[in-house]
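Structural characterization, general
One letter stands for each residue in the lines below.
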Amino acid sequence: MSIKDNLEKIKKSIAHSNCLLIAVSKTKPNEVLLEAYEAGIRDFGENKVQELTAKAEELPKDIRWHMIGHLQRNKVKYIAPFVYLIHSVDSLKLLQEIDKQAEKVNRKIKVLLQVYIAKEESKFGLDESEILEAIQNGDIANCKHVEIMGLMGMATNTDNEATIRAEFKSLKNFAESLKEKSLPDNMRIEEISMGMSGDYLLAIEEGSTMVRVGSAIFGARNYQ
Ligand SMILES: *Cc1c(COP(=O)(O)O)cnc(C)c1O
């Protein structure tokens, strides 16, 4: 199947929802991204700063670049001028660095807070309690150059659907509980970024508003 065919199939399967399809193009060369672009995709996700900036330089300017991978603080400055949404804010220190770099380039940068939902040890993310504390003690309110748009989560890498579903549910529940609170002006809970190639339909059932799909569009990657 071609990229165009894959995209048509995926778009059709999610058309009943209002979910945004983000094409995760990490490791793929520009001509492959252009195929997806020609098929109508404008949202691309990358997980490495260097790759993201190199692609952004070469590819059409109306692409919205989503940073979805673990982001080192010393690299924020390279994407601050143009990044559309950073999904992977996994520490308060990173949020503060994004705030600082956003101010320097005179922007407000949209971000999601990555919440730790998986059972696996290796996954990055904030705990619910850390987020609640940062709301209460003013740490989030102080980051005036970021706009928190919602939450992001990654489920455990498993075939067990019940586990994945429970993890997605926990993220959705946390999002709903935050909506009940009085949040700082720079924080809203509009987006929940969850779901990848293997589980995006399940994620949409559980309330995802953005799915990050790579291999189901572009085929298998040779490396992560
Ligand atoms: C690679 C990646 C994806 C896409 O994974 P696929 O299984 O290829 O769809 C989604 N989210 C993040 C954070 C990723 O790193």
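Quantities reported herein were computed from a predicted structural model and do not represent experimental measurements.

1. Thoughts on the pairing of strand β6 (residues 146–153)
- Within β6, seven of the eight residues are buried, leaving the element largely enclosed by the surrounding structure.
- Of the strand pairs in this sheet, strand β5 (residues 109–115) and β6 are connected by seven bridges, and their pairing is parallel. Across the sheet, residue K110 finds its bridge partner in β6, namely E147.
- Handedness of the β6-helix α7 (residues 161–179)-strand β7 (residues 187–193) crossover: right-handed.

2. Comments concerning the site of the ligand
- In the vicinity of the ligand, the residues found are V24, K26, I68, M154, M196, S197, R212, V213, G214, S215 and R221.
- At 2.8 Å from an oxygen atom of the ligand is found a main-chain nitrogen or oxygen belonging to S215.
- Starting from 380 Å² of accessible surface for the ligand in isolation, the protein chains cover 90%.
- In terms of residue class, the shell around the ligand is made up of five nonpolar, three polar and three charged.

3. A few points about the environment of I192
- Mapped onto the secondary structure, I192 falls in strand β7.
- With 167 residues separating them along the chain, I192 and S25 place their C-alpha atoms 20 Å apart.
- Excluding its chain neighbours within four sequence positions, the residues that come into contact with I192 are L151, L171, K172, A175, G207, S208, T209 and M210.

4. Digging into the nonpolar core
- If you look at the biggest cluster of nonpolar residues, it comprises 65 residues, and the most contacted ones within it are F44, I86, I98 and L113.
- Considering each element in turn, this core owes the most residues, six residues, to α7.
- When residues no more than four places from it in sequence are discounted, the contact partners of I98 are L71, V76, I86, V89, I109, V111 and V146.
- The next biggest cluster of nonpolar side chains, apart from the first, holds six residues, and it includes L85, M149, M152 and M210.

5. Quick word on unusual backbone geometry
- Phi is positive for T27, which is not a glycine, with a value near 75°.
- Relative to the elements of secondary structure, T27 occurs in the loop between β1 (20–24) and α2 (30–38).
- A positive phi is found at N106, a non-glycine position, where the angle reads about 60°.
- Considering the arrangement of structural elements, one finds N106 in the loop between α5 (92–104) and β5.
- Overall, N106 belongs to the exposed group, its relative accessible area being 72%.

6. Considerations on the packing of aromatic side chains
- Taken as a whole, this structure holds one aromatic pair when the rule is applied.
- Each ring, one from F44 and one from W65, has its centre 5.9 Å from the other, and the planes form 35°; the classification is tilted. Residue F44 is located in strand β2 (residues 43–46), and its partner W65 is located in strand β3 (residues 64–67); the two are separated by 21 residues in the primary sequence. Of the two residues examined, F44 and W65, each falls in the buried class.
- Sitting over the ring of Y37, R42 keeps its end group 3.5 Å from the ring centre.
- The ring of Y84 carries R64 above its face, with NZ or CZ at 5.3 Å from the centroid.

Conventions used here
- Residues numbered from 1 in each chain as written.
- Predicted model: local features only at pLDDT ≥ 70, side-chain atom pairs only at ≥ 80, totals over all residues.
- Heavy atoms only, no water.
- Buried < 20%, exposed > 50% of the residue type's maximum accessible area, 1.4 Å probe, protein only.
- Helix = DSSP H or I, 4+ residues; strand = E, 2+ residues; numbered from the N terminus.
- Pairing = 2+ DSSP bridges.
- Right-handed = clockwise from strand over helix to strand, strands pointing away.
- Near = heavy atom within 4 Å.
- Polar contact = N/O pair within 3.5 Å; in protein donor to acceptor, adjacent residues only side chain to side chain.
- Areas by Shrake-Rupley, 256 points an atom, 1.4 Å probe, with all protein chains shown as cover.
- Nonpolar A, V, L, I, M, F, W, Y, C, P; charged D, E, K, R; others polar.
- Contact = heavy atoms within 4.5 Å.
- Core = buried A, V, L, I, M, F, W, Y, C linked by side-chain atoms within 4.5 Å.
- Phe/Tyr/Trp six-rings, centres within 6.5 Å; stacked < 30°, edge-to-face > 60°.
- Lys NZ or Arg CZ within 6 Å of the ring centre and 35° of its normal.

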